Protein chains: 2
Amino acid sequence: MADDYTVSAAAELVGVSVRTLHHYDQIGLVRPGNRSNAGYRLYSDADLRRLHRVVFYRELGLELGEIAEILADRDVDHLGRQRELLVARISHYEAMLTVIDRELAARAAGIALTPRERREVFGQDFVAHAEQARREWGDSKEFVQRQQRTATYTQDDWQRLREELAAINGKLAEAVGDGTPATDIKAMDLAEELRLHTDRWFHDCDHDTHRGLAVHYKENRRSGRNYDDMAPGLSRYVHDAIVANAERHRSTVD
Amino acid sequence: MADDYTVSAAAELVGVSVRTLHHYDQIGLVRPGNRSNAGYRLYSDADLRRLHRVVFYRELGLELGEIAEILADRDVDHLGRQRELLVARISHYEAMLTVIDRELAARAAGIALTPRERREVFGQDFVAHAEQARREWGDSKEFVQRQQRTATYTQDDWQRLREELAAINGKLAEAVGDGTPATDIKAMDLAEELRLHTDRWFHDCDHDTHRGLAVHYKENRRSGRNYDDMAPGLSRYVHDAIVANAERHRSTVD
DNA sequence: GTGAACCCTGACGTCACGTCGGGGTCAAAT
DNA sequence: ATTTGACCCCGACGTGACGTCAGGGTTCAC
């Protein structure tokens, strides 16, 4: 309980260098609970627990500043959060693995992918960085459910998911190109397809929830595709269509 | 075929910044195939392929210097290698996930782990960094087999594996503490246990192969435990015992 | 009481870029 | 024909997360 560890002992226990501990002390990320009368750093068990968390989050590529924020959150379930991050990371890498396997298959069949196709299939925007997504989505029920569901997806699932989404997005881009207004029945139907896609693949998504999410499309964040890259004004268009669709549904219910 | 991409086009295609491309050009990691007469960088499809590989390896945390070396290797199957790296990384994270789940279970049972136990179970030395392991082991048959086998291990497998190894190592530490010579029959028997463990969990390992691996123990590298941390002189002792054991076996066969 | 092994605090080096600043280039619109 | 805005160049300084000395104090076992 009351045993304190010297720098080198602490460093070895968590697998970092002494210099790293000095650094963390300097920037205030992990401060030793007390010092010997000669000024030696003495780390308590509590310090070590904190340090261990820092190391864990760092392993997953978070910056020290972010880590400090996360750790500042009193009342956050670190184990649960770490688990989520890991699961997200694993599914990210599994998605990459899928791509590799597909390329290997393509190569075996004598086909080479163009850079553009590779980007398509790679979908690196798609598998967004977990912590950033967290900042956008907060601790919402939807986020958690999304994490849980996607964690179990196979390579084929991801493939199907992406294809379905691409189909809907294509039709949306076409609609905005045609000059179809976002309140047109066709646009609303596409918004409905989008909602069902989300509901099917990510998390429960009724019309009200979908309206709540619409703002994310308008702000054209990283979490999905960059809609405006597909067609100018598309991100706003999608937002408006979703809102119109949600409105339509409400009026048929009330 | 002959289409060239400008910096920004190339950058967006692979998902990096323009500055990054400037940097890679400067250090010679990815040089654009040619330049416009105004001095604009023009990336060919081949350049993009190279760039894509760089980005991939970087995503997995390799340093640019390492990446340069890997790419310098003419005649290396990048897709295969990338696959291996990914698989290794995934199994690494899955091992971490196991630990988290075990801690969650422990917490549910009202038990808290001490830092030392956490380190034990975390085994971060154990799940070594893949590229470093690769440098130690080269492209040997053993390495590849190890990758393939361990990729399919469940959390329980890893747990069992670690426990078995810990048991053998414990007995070895005891033996060196007793002053038992490495050529003693007891030491040789322990070396044999080590060999069977490797053969069972990692890759085919006959006595000759094992003798070949012995040097890794002596050099006390990261790939396994730091043997000398368990007992002074243990790394050399294990090496000697393995060699003696291999010798013994040969004489009974010849 | 004297090494060897640890500890301290600067302070400078490094890697992989981010971020200006000043200035040329190019295609389209005026 | 020029202007506008988006794009390009290079040089240089800034930054995050440490690595790596240099110079000097501390602890502990022999």
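A quick note: this is a predicted structure, and the numbers were derived from the prediction, not measured. (Residues numbered from 1 in each chain as written. Chains lettered and ligands numbered in written order. Predicted model: local features only at pLDDT ≥ 70, side-chain atom pairs only at ≥ 80, totals over all residues. Heavy atoms only, no water.)

Visitor: When you look at the protein's contact with DNA strand D in this model, what are you seeing that I'm missing?
Guide: As a matter of local geometry, DNA strand D sits amid 20 residues, with S17, Y24, Y40 and L64 of chain A together with R41 of chain B nearest to it. Between DNA strand D and S8 of chain B, the relevant distance is 2.9 Å, taken from a phosphate oxygen to a side-chain nitrogen or oxygen of the residue. Between a phosphate oxygen of DNA strand D and a side-chain N or O atom of R35 of chain B, the distance comes to 3.1 Å. It is helix α2 (residues 18-26) of chain A that contributes the most residues to the surface near DNA strand D, four residues altogether. Grouping the amino acids of the surface near DNA strand D by side-chain chemistry returns six nonpolar, eight polar and six charged. (Near = heavy atom within 4 Å. Polar contact = N/O pair within 3.5 Å; in protein donor to acceptor, adjacent residues only side chain to side chain. Helix = DSSP H or I, 4+ residues; strand = E, 2+ residues; numbered from the N terminus. Nonpolar A, V, L, I, M, F, W, Y, C, P; charged D, E, K, R; others polar.)

Visitor: Looking at this structure, I do not really get the packing of aromatic side chains. What am I missing?
Guide: Two numbers describe a pair of aromatic rings. These are the distance of the centres and the angle of the planes. Applying the stated rule across the entire model yields three aromatic pairs over all chains. When the ring of F56 of chain A is compared with that of Y57 of chain A, the centres are 5.8 Å apart and the planes differ by 90°; the resulting orientation is edge-to-face. Looking at Y57 of chain A, the relative accessible area reads 0%, which means it is buried. Between the aromatic rings of Y93 of chain A and Y93 of chain B, the centroid separation amounts to 5.9 Å while the plane-to-plane angle is 5°, which identifies the pairing as stacked. Of this pair, Y93 of chain A sits in helix α5 (residues 78-108) while Y93 of chain B sits in helix α5 (residues 78-108), placing the two residues on different chains. Its relative accessible area of 3% is what places Y93 of chain A among the buried residues. Positioned above the aromatic ring of W201 of chain A is the side chain of R200 of chain A, whose terminal nitrogen or guanidinium carbon lies 4.4 Å from the ring centre. (Phe/Tyr/Trp six-rings, centres within 6.5 Å; stacked < 30°, edge-to-face > 60°. Buried < 20%, exposed > 50% of the residue type's maximum accessible area, 1.4 Å probe, protein only. Lys NZ or Arg CZ within 6 Å of the ring centre and 35° of its normal.)

Visitor: Help me understand the packing of helix α3 (residues 45-59) of chain A against helix α4 (residues 64-72) of chain A in this model?
Guide: Residues and elements named next belong to chain A. In contact at an axis separation of 10 Å, α3 and α4 are set at 130° when each is read in the N-to-C sense. Here α4 runs oblique to α3, going by the angle between their axes. Read as a crossing pair, α3 and α4 show a hand that is right-handed. Of the residues in α4, those touching α3 at R50, R53, V54, Y57 and R58 are I67, I70 and L71. Residue composition of the contact of α3 with α4, by class: five nonpolar, no polar and three charged. (Axes fitted to C-alpha atoms, helices over the stretch in contact; angles between N-to-C directions. Parallel < 35°, antiparallel > 145°, perpendicular 65-115°, else oblique. Left-handed = near helix turned anticlockwise from the far one by under 90°. Contact = heavy atoms within 4.5 Å.)

Visitor: Whenever I open this one, the environment of D199 of chain A confuses me. Can you help?
Guide: Its location among the elements puts D199 of chain A in helix α10 (residues 185-201). Note: C-alpha distance between D199 of chain A and H210 of chain A (eleven residues apart in sequence) is 9.3 Å.

Visitor: How should I be thinking about the interface of chain B and chain A in this particular structure?
Guide: How big an interface is tends to be stated in terms of accessible area lost as the parts join. Across the contact, 37 residues belong to chain B and 37 residues belong to chain A. Across the interface of chain B and chain A, roughly 3600 Å² is buried in total on both sides, 63% from carbon and sulfur atoms. For the interface between chain B and chain A, the tally reads zero salt bridges. Counting every contact that joins chain B to chain A gives zero residue pairs in polar contact (both at pLDDT 80 or more). Secondary-structure elements contributing two or more residues to the side of chain B that touches chain A are α1 (7-14), α3 (45-59), α5 and α6 (115-122) of chain B. A per-element tally of the side of chain B that touches chain A places α5 of chain B first, with 17 residues. Within the side of chain B that touches chain A, the residues separate by chemical class into 17 nonpolar, five polar and 15 charged. (Buried area = accessible area lost by both parts, 1.4 Å probe. Salt bridge = Lys/Arg side-chain N within 4 Å of Asp/Glu carboxyl O.)

Just distances and angles here, no functional claims.
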